[in-house]
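Next come the chains, spelled out residue by residue.
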Amino acid sequence: MRKKNLILKSSISGLLVVFLMVIFVSNNKTETYEPLPKLNSNCPPGFKKNAKNECIAQNLYMQYNSPNNKGVGGLQTGLPEIRDGFSPQQIDLGRYLFFDPILSGDGTMSCATCHNPKKGFSDGQKTSTGNNNQKLKRAAPSLWNVAYLRKLFWDGRAASLEQQMQEPLFSKIEMNNTPENLLQNLNMIEAYQQMFAEAFPNRGVNSVIALNEIYKSIAAFQSSLISLNSKYDRYAHGYHEALNDNEIEGMNVFRSFVARCAECHTPPLFTNQQFAVIGSPEPEDLALDPGAQIPFNDSTLRGAFKVPSLRNIEKTAPYMHSGNFATLRETVEFYTQGRGHAVPENENLIIHWHIWEPNLSAYELDRLVDFLKTLTDETFTPKIPDELPSGLQPSV
């Protein structure tokens, strides 16, 4: 009996000690909670993460040399220098921002409104629609491979993605926001505060979201939009069965000195990044768009526009800066109808010397369209977020 009482007393004492220890630990523990990461720590396809947590572009064109690192149009020619080196977290944060209408003044438009991934990162309109359904004067250019471009906008007035994005963000006829309102809205969203802390870990713990961080994140995402794995690319890298006979015929027309397409739309980027006056017609009853003449203050560039890349051109109809051609067939036919045939009578434009009268047959034009469609590659199309930190629906 005495032994049982001793065991009972020992058990009660042990339980009391454990209970007191639990209370002590509970009262004296320190808060070490770390929020779970909200952003992807892996680089998107086409990039490899280095030891510095930077996403570095990887593609087969990097094995080829190119005079002056600019590309001269051969099948196995190097690409221009790409803008890379962003962290995977910055790229993923930019993806959320790109699709979030919180970036617009009234919460109805996102970057993707005019640059829809389902429409070749364009919008399928002749000219884009801005704030309060205002029609803009130019078509939205595609964003595929924009990391390789040195000048942005049709008239080349921006020299960086960060500079470019500020115009639609703060234009009263486009997204109609202000820097102050943009910062206020994002800093009020706890999820975005955490995301920016992840994407920019070297700043202060309690730092507020800054404009340069917004610009850099969106630029990081846009720079990840790489399209270099089309049927044409597989052919260029040595798999000649990638193209059929009609497509090869079209490629030969494209590269010929008769058609001269490749002189301006230089492979492998399919643009020489220069400006050209081609005399493309404006929509009916609209005055001539002066184009690059305005930002460069150069009368010889009146009616000049940046030569666009033809990557994913099949997906970005209608065509030209004014969306004046509905199909690729209409577009290529324009170039064989005579030099300067659509220039208004009261204009004396300096038409680019590559524009002439190649007199291509209907058959050759059809084959040319066949070839242009081989430049389609949407393999690395990013995923539209299912939910946004703002609570708004992704805007596309």
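Residues numbered from 1 in each chain as written. Predicted model: local features only at pLDDT ≥ 70, side-chain atom pairs only at ≥ 80, totals over all residues. Heavy atoms only, no water.

A. Spatial organisation of the overall build of the chain. Helix and strand counts for the chain come out as 13 helices and four strands. Burial statistics for the chain: of 396 residues in total, 48% are counted as buried. In the chain, once contacts between residues fewer than 6 apart in sequence are set aside, the share between residues at least 24 apart is 67%. When the accessible surface of the chain is split by element, carbon and sulfur atoms take 53% of a total near 20700 Å². (Helix = DSSP H or I, 4+ residues; strand = E, 2+ residues; numbered from the N terminus. Buried < 20%, exposed > 50% of the residue type's maximum accessible area, 1.4 Å probe, protein only. Contact = heavy atoms within 4.5 Å. Areas by Shrake-Rupley, 256 points an atom, 1.4 Å probe, with all protein chains shown as cover.)

B. Representation of the state of the cysteines within the structure. All chains considered together, the criterion is met by one disulfide. Sulfur-sulfur distance for the disulfide between C43 and C55 comes to 2.1 Å. Taking the torsion about the sulfur-sulfur bond, which here is approximately -95°, the covalent link between C43 and C55 counts as left-handed. Of this pair, C43 sits in the loop between α1 (2-28) and β1 (47-49) while C55 sits in strand β2 (residues 55-57); the two residues are 12 residues apart in sequence, bridging distant segments of the chain. Neither C43 nor C55 differs from the other in exposure class; each is buried. (Disulfide = S-S within 2.5 Å.)

C. Looking closely at the nonpolar core. Residues Y232, F254, F371 and L372 are the most contacted members of the largest nonpolar core, which totals 56 residues. For this core, the secondary structure elements donating two or more residues are β2, α8 (231-236), α9 (245-255), α10 (261-264), β3 (275-277), α12 (328-334) and α13 (362-372). Aside from chain neighbours lying at most four places away, what touches F254 is R260, C261, A262, H265, P267, F270, L310, L368, F371 and L372. With 38 residues, the next largest nonpolar core counts A112, M175, M195 and F221 among its residues. (Core = buried A, V, L, I, M, F, W, Y, C linked by side-chain atoms within 4.5 Å.)

D. Structural context of unusual backbone geometry. Cis geometry is found at the peptide bond from P267 to P268, where omega equals 5°. As for its placement among the helices and strands, P268 is situated in the loop between α10 and β3. The peptide bond linking A317 to P318 adopts the cis configuration, its omega dihedral lying at -5°. Here P318 shows up in the loop between β4 (304-306) and α12. Positive phi is not limited to glycine here, since N53 has a value of about 65°. Its place among the elements puts N53 in the loop between β1 and β2. Of note in the backbone geometry, N297 takes a positive phi value of approximately 50° without being a glycine. Within the fold, N297 resides in the loop between α11 (293-296) and β4.

E. Region of interest: the packing of aromatic side chains. Scanning all chains against the criterion turns up 17 aromatic pairs. Their ring planes at 55° and their centres at 5.7 Å tell us that F254 and F270 sit as a pair that is tilted. With F254 in helix α9 and F270 in the loop between α10 and β3, this residue pair connects regions lying 16 residues apart in the sequence. The pair formed by F254 and F270 is uniform in burial state, with each residue classed as buried. Centre to centre, the rings of F325 and F334 are 5.6 Å apart; their planes meet at 40°, and the pair counts as tilted. When its relative accessible area of 10% is taken as the criterion, F325 is described as buried. Above the ring of Y96, the side-chain terminus of R95 is found at 4.8 Å from the ring centroid. When the ring centre of W356 is taken as origin, the NZ or CZ atom of R260, which lies over that ring, is 4.9 Å away. (Phe/Tyr/Trp six-rings, centres within 6.5 Å; stacked < 30°, edge-to-face > 60°. Lys NZ or Arg CZ within 6 Å of the ring centre and 35° of its normal.)

F. Examining the side chain of D155 more closely. Residue placement: D155 occurs in the loop between α3 (111-114) and α4 (161-170). Looking at D155, its side chain comes within polar contact range of the side chain of R138, at 3.0 Å. D155 has contacts with R138, F275, G291, A292, P295 and F296, leaving out every residue within four places of it along the chain. (Polar contact = N/O pair within 3.5 Å; in protein donor to acceptor, adjacent residues only side chain to side chain.)

G. Representation of helix α5 (residues 179-187). Buried within α5 are the following residues: L182, N185, L186 and N187. For α5, the secondary structure elements touched by its buried residues are α2 (88-99), α4, α6 (190-199) and α7 (211-223).

H. Fine view of the pattern of salt bridges. Under the criterion given, the structure shown has 15 salt bridges. With its nearest N and O atoms 2.8 Å apart, the salt bridge here joins R138 to D289. One end of the pair, R138, is in the loop between α3 and α4; the other, D289, is in the loop between β3 and α11, with 151 residues separating them in the sequence. Each member of the pair R138 and D289 is classed as buried. A salt bridge links R329 to E333; the shortest N-O distance between them is 3.4 Å. Residue R329 and its partner E333 are located together in helix α12, separated by four residues, close to a single helical turn. When salt bridges with common partners are traced through the structure, they connect R138, D155, R157, E167 and D289 into a single cluster. (Salt bridge = Lys/Arg side-chain N within 4 Å of Asp/Glu carboxyl O.)

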